[in-house]
Amino acid sequence: MIISNHGNSIFIRQSTPEDAPILFRAYTDEAFIRLYRSNSSSQSEEQLRQRLADRLKKTPEKSGYLELMIVHRHYGAIGVAMLNDLSSTHRRAEYLIGFFEQKHRCGKYALEASLLILDLAFNAYNLNKLYTYVYEYNEYAERSTVNFGFTQEGILKNHHYLIHEKRFVSLYINGLVVDDFRRHDKMRRLSIKLLGRDITQPEKEIQAVPLNQALTAQYAVQLRDKLRARSQTATA
């Protein structure tokens with residue numbers, strides 16, 4: 001399974017034990033975690049490092065989980081994203097994305113990172129749908145999610161309990177299916193501008209994913225090499 005992707009300014013890769021210090025700072029920052037994934041269980045930096053090491057022992061297909069570091073070519077790690085509840089049967093995953101500093105939560109870096117993740121989800125992992133939950137108090141994120149191309153599918157009223165604030169909040173649920181992604185003109189234009197390629201069109205090499213594991217691995221390598229070549233061309 002391909003676990004990295006490259007754009008012009010941003011690249012994403014699977015998190016590793018070496019990322020424990022910056023992730024620990026983020027996960028213990030209430031301002032960040034309240035928007036990203038509230039009520040996360042507390043743990044020490046060493047416990048987090050061990051958890052990251054344990055995750056590498058299983059493929060994302062086996063664990064149903066993939067955490068991705070968002071790395072700027074000059075500024076270093078600026079955020080984290082996640083494909084959670086990753087299901088090969090239903091070909092869907094919950095999509096989360098968060099940026100450590102306010103200045104990176106809007107603008108082209110956030111767009112570029114989001115496009116890279118959608119590229120992996122729909123073109124490399126052959127998912128049929130991504131869905132995302134947004135807290136009712138994060139109105140900017142909800143507007144951005146819908147404006148980006150997701151469809152607001154409903155509101156889960158008083159669905160989530162904030163432990164530290166001792167109150168229930170509602171969640172917006174938004175979804176993006178592959179058919180809408182393929183014909184989304186805004187994403188097409190943004191991906192060409194920010195990534196140097198049109199991610200809404202599937203790679204011919206993986207339109208039909210083979211059942212044979214050896215062939216699947218071969219197709220993954222071919223797509224990875226092609227993505228890298230296009231990235232190098234775009235940044236040359």
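Rules of the game
- Residues numbered from 1 in each chain as written.
- Predicted model: local features only at pLDDT ≥ 70, side-chain atom pairs only at ≥ 80, totals over all residues.
- Heavy atoms only, no water.
- 1 Å grid on protein atoms, 1.4 Å probe; cavity = no way out; pocket = protein on both sides within 12 Å on 5 of 7 lines; lining within 4 Å.
- Points joined across faces, edges and corners; volume = space filled by probe spheres on them.
- Helix = DSSP H or I, 4+ residues; strand = E, 2+ residues; numbered from the N terminus.
- Nonpolar A, V, L, I, M, F, W, Y, C, P; charged D, E, K, R; others polar.
- Salt bridge = Lys/Arg side-chain N within 4 Å of Asp/Glu carboxyl O.
- Buried < 20%, exposed > 50% of the residue type's maximum accessible area, 1.4 Å probe, protein only.
- Arc of directions from axis to C-beta.

Asks: Would you explain empty space enclosed by the protein in this entry?
Replies: Within the structure shown, the criterion is met by three cavities of 30 Å³ or more. In this structure, the largest cavity encloses a volume near 60 Å³. Lining the largest cavity are Gln14, Ser15, Leu52, Arg55, Lys58, Thr59, Pro60, Ser63, Tyr65, Leu66 and Glu67. Among the secondary structure elements, those contributing two or more residues to the lining of the largest cavity are helix H3 (45-55), helix H4 (60-63) and strand S3 (65-72). In terms of residues, the lining of the largest cavity owes the most to one element, S3, which gives three residues. Broken down by class, the residue content of the lining of the largest cavity amounts to four nonpolar, four polar and three charged.

Asks: I would appreciate a short explanation of the pattern of salt bridges in the present structure.
Replies: Pairing between side chains of opposite charge can happen when their charged atoms approach one another. Tallying each qualifying case throughout the model produces 13 salt bridges. Here aspartate 119 makes a salt bridge to arginine 197, at a shortest N to O gap of 3.2 Å. Here arginine 197 lies in the loop between helix H8 (185-195) and helix H9 (213-235) and aspartate 119 lies in helix H5 (residues 108-124), a separation of 78 residues in the sequence. Considered together, aspartate 119 and arginine 197 belong to a single accessibility category, that of buried residues.

Asks: Where do I start with H8 in this structure?
Replies: For H8, the set of buried residues is Met187, Leu190, Ser191, Leu194 and Leu195. Angular distribution of buried residues about the axis of H8 spans 100 degrees; they occupy a single face of the element. Just beyond H8, the residue with positive phi is glycine 196, at close to 80 degrees.

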